[in-house]
Amino acid sequence: MSNDLDTVFAALADPTRRAILALLLEDDMAVTDVAEPFEMSLAAISKHLVILTKAGLISQEKRGRVKWCKLEPDALRAASVWMQGFGQFEPVNLDAFERFLEAELPKSGEA
């Protein structure tokens, strides 16, 4: 499992690869469409896609003459489970925080 986690975290370490994953959250995309928003060559994007594929974060499928990329969200499950083991990183309850602020801070005009 450690090697798999290493591969996933190494893939996620690059901001371009994280941006690619964010694009694929919306829908499957052709490689050329994935490359469009980035100011780099198609070959450079392809290298990023290979790394994401090897990490299992995306899959690629050839449909006719076009190669399509698809997000594989289950690939992040092991990394998520590992991170949840660190309980001090619990999400902030923003509703409770807002109620606390309303109760503790004076209303405008009261001060």
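Residues numbered from 1 in each chain as written. Predicted model: local features only at pLDDT ≥ 70, side-chain atom pairs only at ≥ 80, totals over all residues. Heavy atoms only, no water.

### Some points on the pattern of salt bridges
Formally: The salt bridge criterion pairs a side-chain nitrogen of Lys or Arg with a carboxyl oxygen of Asp or Glu, the two atoms within 4 Å. Comment: elements are numbered from the N terminus, with helices defined as DSSP H or I runs of at least four residues and strands as E runs of at least two. Relative accessibility thresholds used throughout: buried, under 20% of the residue-type maximum; exposed, over 50%; partly exposed, between the two (1.4 Å probe, protein chains only).
Applying the stated criterion across every chain yields a total of three salt bridges. Here Asp-28 ties to Arg-63 by a salt bridge, and the two come within 3.3 Å at their closest N and O atoms. Taken together, the residues Asp-28 in the loop between helix 2 (15-26) and strand 1 (29-30) and Arg-63 in strand 2 (residues 58-63) connect sequence positions 35 residues apart. Judged by its relative accessible area of 37%, Arg-63 falls in the partly exposed class.

### Here we look at the nonpolar core
Note that soluble globular proteins tend to have their nonpolar side chains buried in a common cluster. The cut-off we apply is this: Grouping buried Ala, Val, Leu, Ile, Met, Phe, Trp, Tyr and Cys residues that are joined through side-chain atoms within 4.5 Å yields what is termed a nonpolar core. Contacts between residues were defined by any pair of non-hydrogen atoms, one from each residue, lying within 4.5 Å.
Within the largest apolar cluster, 21 residues are counted, with the highest numbers of intra-cluster contacts made by Ile-20, Leu-24, Val-34, Leu-49, Leu-52 and Leu-57. Broken down by secondary-structure element, the contributors of at least two residues to this core are helix 1 (2-12), helix 2, helix 3 (31-35), helix 4 (42-54) and strand 3 (66-71). Ranked by residue count, the leading element in this core is helix 1, at four residues. Ignoring any residue separated from it by four or fewer positions in sequence, one finds Leu-24 in contact with Met-29, Val-34, Ile-58, Cys-69 and Leu-71.

Purely spatial values, then, with no claim about function.
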